[in-house]
Amino acid sequence: MSLKKQDDMDHNAWLKNQDLTAIETAFLTTLIWLDKRLRIVDYLELLETMYYRANLQMPKSHTEQYDLDNKFWYWYPLYSLGSLSIIAYLVAAVSGALLGFYYSPSTAGAVAQGDPTAAYDSVVMIMTDVQFGYMLRSIHSWSAQFMVAAVFLHMLRVYFTGSYKEPREVNWILGVVLISLTLLFGFSGYVLPWKQLSFWAAQIGVEMALATPIVGEWAAQLLFGGFTLGQATLVRMYILHVFVLPFVVTGLIALHVGIVWVQGIAEPH
Amino acid sequence: MTDDTTPMTDGGTDEEARTDGGPPATVPPDDETPTWTERKEHSSGLAQLTYQYFERSRREDEDLRAESTYVERDVLGFPTWPHETIRNLAITSFFVGIIVLIAALMPAHYGEPANPGSTPGIILPDWYLYWSFGLLKLNPINPSLEVLGGNIAISNEFLGITAHGIVFGAITLVPFLNKGGARRPVEQPFWAAVGVTGVVLSITLAALAIQNFFPISLDLLLTLTFMLPLVGGIITYAVLKTMREGYMYDLNRRYYMLRPPK
Ligand code: HEM
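Residues numbered from 1 in each chain as written. Chains lettered and ligands numbered in written order. Predicted model: local features only at pLDDT ≥ 70, side-chain atom pairs only at ≥ 80, totals over all residues. Heavy atoms only, no water.

**Focus on the packing of aromatic side chains**
Then, in step 1: For the coordinates displayed, the defined rule picks out 16 aromatic pairs over all chains.
Then, in step 2: Aromatic pair Tyr76(A) and Tyr79(A): ring centres 6.2 Å apart, planes at 85°, arrangement edge-to-face.
Then, in step 3: Relative accessible area serves as the criterion here: at 22%, Tyr79(A) is assigned to the partly exposed category.
Then, in step 4: With a centroid separation of 5.3 Å and an interplanar angle of 80°, the aromatic rings of Trp127(B) and Tyr128(B) are classed as edge-to-face. (Phe/Tyr/Trp six-rings, centres within 6.5 Å; stacked < 30°, edge-to-face > 60°. Buried < 20%, exposed > 50% of the residue type's maximum accessible area, 1.4 Å probe, protein only.)

**Section: the side chain of Ser85(A)**
All names here are of chain A.
Then, in step 1: Its place among the elements puts serine 85 in helix α6 (residues 81-99).
Then, in step 2: Of the polar contacts made by the side chain of serine 85, one reaches the backbone oxygen of leucine 81; its length is 2.8 Å.
Then, in step 3: Here serine 85 is in contact with Met147, Ala150 and Val151, once residues within four sequence places are set aside. (Helix = DSSP H or I, 4+ residues; strand = E, 2+ residues; numbered from the N terminus. Polar contact = N/O pair within 3.5 Å; in protein donor to acceptor, adjacent residues only side chain to side chain. Contact = heavy atoms within 4.5 Å.)

**Side note on the coordination of the iron atom of the ligand**
Residue and element names in this part refer to chain A.
Then, in step 1: Here the iron atom of the ligand is held by His154 (NE2) and His256 (NE2), and the distances to it run 2.0 to 2.1 Å.
Then, in step 2: Considering all six donor atoms around the iron atom of the ligand, the spread of angles at the metal, 85 to 179°, places the coordination shape in the octahedral class. Here the residue histidine 154 occupies a position in helix α8 (residues 133-160), and histidine 256 occupies one in helix α12 (residues 231-263), the gap between them amounting to 102 residues.
Then, in step 3: Histidine 154 gets classed as buried once you look at its relative accessible area, which sits at 18%. (Donors = N, O, S within 2.8 Å, 3.2 Å for Na, K, Ca; no water. Tetrahedral: all angles 85-135°; square planar, octahedral: opposite > 155°, others 65-115°.)

**Things to note about the UniProt feature "transmembrane region" (unreviewed entry) in chain A**
Then, in step 1: UniProt's entry tags residues 78-103, 142-160, 172-192, 204-226 and 238-262 of chain A with the feature "transmembrane region" (unreviewed entry), counted in the numbering of this structure.
Then, in step 2: Spanning residues 142-160 of chain A, this segment combines 100% helix with 0% strand, and its end C-alpha atoms are found 27 Å apart. (UniProt positions renumbered as here; feature names shortened; annotations may be inferred.)

**Some remarks on helix α7 (residues 118-128) of chain A**
One turn of the α-helix equals 3.6 residues, which is why residues spaced by three or four share an orientation.
All names here are of chain A.
Then, in step 1: Among all positions of α7, only Ala119, Tyr120, Ser122, Val123, Ile126 and Met127 are buried. With its buried residues spanning 165° around the axis, α7 presents them on a single face.
Then, in step 2: On the buried face of α7, the contacting elements are α6, α8 and α12. (Arc of directions from axis to C-beta.)

**With respect to the site of the ligand**
All names here are of chain A.
Then, in step 1: Close to the ligand lie 26 residues, the nearest being Tyr79, His154, Arg157, His256 and Ala266.
Then, in step 2: Contact between the ligand and glycine 82: an oxygen atom at 3.4 Å from a main-chain N or O atom of the residue.
Then, in step 3: Arginine 157 is positioned such that a nitrogen or oxygen atom in its side chain is 2.7 Å from an oxygen atom of the ligand.
Then, in step 4: Those elements that provide at least two residues to the shell around the ligand are α6, α8, α9 (169-191) and α12.
Then, in step 5: When residues of the shell around the ligand are assigned to their parent elements, the largest contribution, seven residues, is made by α9.
Then, in step 6: Broken down by class, the residue content of the shell around the ligand amounts to 14 nonpolar, 10 polar and two charged. (Near = heavy atom within 4 Å. Nonpolar A, V, L, I, M, F, W, Y, C, P; charged D, E, K, R; others polar.)

**Observations concerning the domain arrangement of chain A**
Then, in step 1: Domain boundaries in chain A define domain 1 (20-50) and domain 2 (80-263).
Then, in step 2: Taking only C-alpha atoms, the centre of domain 1 of chain A and the centre of domain 2 of chain A are 47 Å apart. (Domains from an automatic or database assignment.)

**Regarding the interface of chain B and chain A**
Then, in step 1: Contacts between chain B and chain A engage 81 residues on the former and 81 residues on the latter.
Then, in step 2: For the chain B and chain A pair, buried surface summed over both sides reaches about 7500 Å², with 67% attributable to carbon and sulfur atoms.
Then, in step 3: Counting the surface chain B buries against chain A, the share from its top three residues, Tyr110(B), Tyr128(B) and Arg183(B), is 12%.
Then, in step 4: Between the two partners, chain B and chain A, sit 19 residue pairs in polar contact (both at pLDDT 80 or more). (Buried area = accessible area lost by both parts, 1.4 Å probe.)

**Observations regarding the UniProt feature "transmembrane region" (unreviewed entry) in chain B**
All names here are of chain B.
Then, in step 1: Sites flagged by UniProt as "transmembrane region" (unreviewed entry) map to residues 89-110, 158-178, 190-214 and 220-240.
Then, in step 2: Within residues 89-110, the helical portion is 77% and the strand portion 0%, while the C-alpha atoms at the span's ends are 34 Å from each other.
Then, in step 3: Between the C-alpha atoms that bound residues 158-178 there is a distance of 30 Å. The span itself is 95% helix and 0% strand.

**Examining unusual backbone geometry**
Residues and elements named next belong to chain A.
Then, in step 1: Proline 167 follows glutamate 166 through a cis peptide bond whose omega is 5°.
Then, in step 2: Its place among the elements puts proline 167 in the loop between α8 and α9.
Then, in step 3: A positive phi is found at arginine 39, a non-glycine position, where the angle reads about 50°.
Then, in step 4: Here arginine 39 is to be found in the loop between α2 (22-38) and α3 (40-54).

Here it is as structure tokens:
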């Protein structure tokens, strides 16, 4: 065994033997330099695979194979409702992140009962002072409403096409969790402006929590920060709305869609 | 250097695969390391059951694949790029466009600041929670215990919570109650009727939540809340049942033409 280092893959020597233009030489030199350090060839291969994946043709579906389209075509647009939920969710996420720059979750500032609080004032500020602020808040509010509507209709689509049957029960249950969290998203967001209806909607929330046997008081403490509404309630709703729910819901949506990916879409028989 | 007759650690003699000497990088499998078969035999209890099931499952897959008559055709469908991609982009921009348009036409409002000291006449959540709010207004049907001198058995709030539990529980149970291969509403008029009943109920419950806006008596509204869904369900059942004969005949004929019974 010889100790001399033998480089079968002397790329630089190979480069010299080639008859290349200046641009080609520069390109290859950079590529080789980077590849020696970062092994980018692996990633190029990944990219290539992705290119072929992206140009894949979908396999012929059951519906096409048995020429069932003309019996079922009118359902097809409804199959986009799940994706529309995601799109509305993304729009709400982006506009919500921007709203976060201006909103302050605080009940400070009210001298007497019924005075505007810091939270309320910041919402008024967004609507009246911030450049395009009213547009931002309106987009956030409407995308939330569109999301809830899309999720409701998506659930109906799944129900009436019988798509929840074996082996998709898990995804149905996941869906029930998702719709509950979506509603909770809406509820916690509704509380944030700390307007009259926010306050009294939260009041009903606390009363419902307190009426639950065994876990009631604990749940009221956890969600609303006490039995009477105040600063603690607002901050809990805020953290729920901008921290907890975004992570949980995003994760669950990824899981939900991942399962659809693995199982394939349920086709009509 | 190793001499050429030395078998390699995996027992092979392929010179191409031979390393340039030195100790093997991994610990060679000795007699202690069980093969897959041995592992299966050694394992007991849950591990053994898992192996056994996996083996069955794998065999099932192989059998299904062998039996399959799936034929690939020349042109399989629309390619992801550009067809699917452009379609998805179109749907997305249209949908986002609608959201922005509506947001511009109907900006969000903010109302009065919170006042813990004065309860507003009408408390309402956003529209998508009306149904839930309706469930909280079921107190007129809260069963009263006459024997206890008209005391109610459970608090009105708890009745509302129970109702929510029933709704979510029922929805969760659907896949475990309705099984089988049927996908279309016509194939199962009963389950389609259940679905329509549920949809109409969510709407009538929403109406119950905003009862102040209806110029009819609360009794009538409560009756309608539960009767309309039933009526909706019955009509659905009747219509689908009537459609069913002709529809299933058509469908079966199509199947038989394509897949004649063996
Ligand atoms: C945040 C809410 C939700 C999102 C973002 C979402 C997203 C999706 C997407 C993108 C699909 C692929 C098929 C399609 O678009 O129709 C899907 C399928 C499915 N969803 Fe959802 N979904 C949500 C809520 C729900 C709810 C509330 C249910 C039912 C209770 C549900 C049950 C299902 C089932 C069973 C499938 C598989 C259907 C099939 O294979 O045809 N999902 N979901």
